[in-house]
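Summary of the model geometry
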Amino acid sequence: MKNARSRQVSPATVLVWDVPVRVFHWLLAVCFAGAYLTSESEDWRLVHVTLGYTMAGLIVFRLVWGFIGSRYARFSDFVRGPAAAASYLRSLLHGKPQHFLGHNPAGALAILGLLALGAATAATGWIVLQESSAELWEEVHETFANLMLALVLIHIAAVIVSSRLHHENLVAPMFSGVKHGQPEQAIRRGWCSIGLLVLLVVAVFWWLQWKMS
Ligand code: HEM
């Protein structure tokens, strides 16, 4: 028994999410939450607008990184279309969840939705700032923000549910970058320098906004 157990090969811990993906994710979450919470108050307008611009910049960065980033950050790795998403959801319902080391196909659709709604919310917010009589655009801006909130809540619920179904904590890797997998599945570089550059650019932008207010 002891020998049989010692012969079991447990998967190694491998790097999956590079630093730019993690920095992007948590900055995006902070920006959206902060912008949403400050949306009703005139006193917090500068913070609201600054977080909106930051969200727009982060999304542009993520779109570029989706083409040139590491393996699991690339759209080609995780965008598989509605049929693959439906098949993944069916596998969950049948209690035999398909396993993906990167994003699963259903999560991928939510990710594309979040990127699109984030871009639409930021763009309509910018239009509201430019126009003096922008009531219609304000309505559109609020609608996009509320749709994004709904999708964020679905996203968080889905992460919790699939963590339970897969018996795998999916949240911790969004901080540490690592998951259980085979060594050949690991990405080779964490791209820490690019992640730090994103943080630096955001920090300088926030400082400039505060200085010029
Ligand atoms: C405003 C809030 C949030 C937004 C806008 C958001 C958006 C996103 C986006 C765009 C991705 C894709 C990451 C990438 O590939 O670059 C993602 C993935 C992920 N998010 Fe969030 N997120 C939010 C909050 C959260 C929270 C609170 C949690 C933790 C409970 C969370 C957990 C995750 C996890 C685990 C993944 C990876 C999913 C997977 O394994 O496929 N997110 N999120």
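Residues numbered from 1 in each chain as written. Predicted model: local features only at pLDDT ≥ 70, side-chain atom pairs only at ≥ 80, totals over all residues.

1. Quick look at the confidence of the model for the protein chain
- Mean pLDDT for the protein chain: 94, with 95% of residues reaching 70 or above.
- Predicted confidence is poor over residues 1-8, with pLDDT under 50, and the contacts of this stretch with residues over four places away or in other chains come to 0 contacts. (pLDDT = per-residue confidence, 0-100. Contact = placed C-beta atoms within 7 Å.)

2. Describing the site of the ligand
- Lining the immediate surroundings of the ligand are 22 residues, of which Ala29, Phe32, His103, Gly107 and Leu170 lie closest.
- Listed by contribution, the elements that provide at least two residues to the shell around the ligand are α2 (19-37), α6 (105-130) and α7 (135-165).
- Among the elements that take part in the shell around the ligand, α2 stands out by supplying 7 residues, more than any other.
- Residue composition of the shell around the ligand, grouped by class: 16 nonpolar, 5 polar and 1 charged. (Near = placed C-beta within 6 Å. Helix = DSSP H or I, 4+ residues; strand = E, 2+ residues; numbered from the N terminus. Nonpolar A, V, L, I, M, F, W, Y, C, P; charged D, E, K, R; others polar.)

3. Examining the nonpolar core
- Phe24, Leu28, Cys31, Phe32, Met55, Leu58 and Met148 are the most contacted members of the largest nonpolar core, which has 27 residues in total.
- Put simply, the parts of the chain that give this core at least two residues each are α2, α3 (45-68), α6 and α7.
- When residues in this core are grouped by element, the largest group, 8 residues, is from α2.
- Here Leu58 is in contact with Phe24, Leu27, Leu28 and Cys31, once residues within four sequence places are set aside. (Core = buried A, V, L, I, M, F, W, Y, C linked by C-beta atoms within 7 Å. Buried ≥ 20, exposed ≤ 12 C-beta atoms within 10 Å, placed from the backbone.)

4. Quick notes on α6
- For α6, spanning 26 residues, the distance from its first C-alpha to its last is 38 Å, which sits close to the expected 38 Å at 1.5 Å a residue.
- Along α6, the residues classified as buried are Pro105, Ala106, Ala108, Leu114, Leu117, Gly118, Thr121, Ala122, Thr124 and Gly125.
- Next to the buried residues of α6 lie α2, α3, α4 (75-78), α5 (82-93) and α7. (Expected span 1.5 Å × (residues − 1).)

5. Notes on α2
- Spanning 19 residues, α2 covers 27 Å between terminal C-alpha atoms, matching the ideal 27 Å at 1.5 Å per step.
- For α2, the set of buried residues is Val19, Pro20, Val21, Val23, Phe24, Leu28, Cys31, Phe32 and Ala35.
- For α2, the elements touching its buried residues are α3, α6, α7 and α9 (192-211).

6. Examining the packing of α5 against α6
- Axis separation between α5 and α6 bottoms out at 7 Å; the angle between their running directions is 130°. Between α5 and α6, the interaxial angle falls into the category oblique. Contact residues: α5 offers Ala84, Ala85, Tyr88 and Leu89, while α6 offers Pro105, Ala106 and Leu109.
- Tallied by class, the residues present in the contact of α5 with α6 amount to 7 nonpolar, no polar and no charged. (Axes fitted to C-alpha atoms, helices over the stretch in contact; angles between N-to-C directions. Parallel < 35°, antiparallel > 145°, perpendicular 65-115°, else oblique.)

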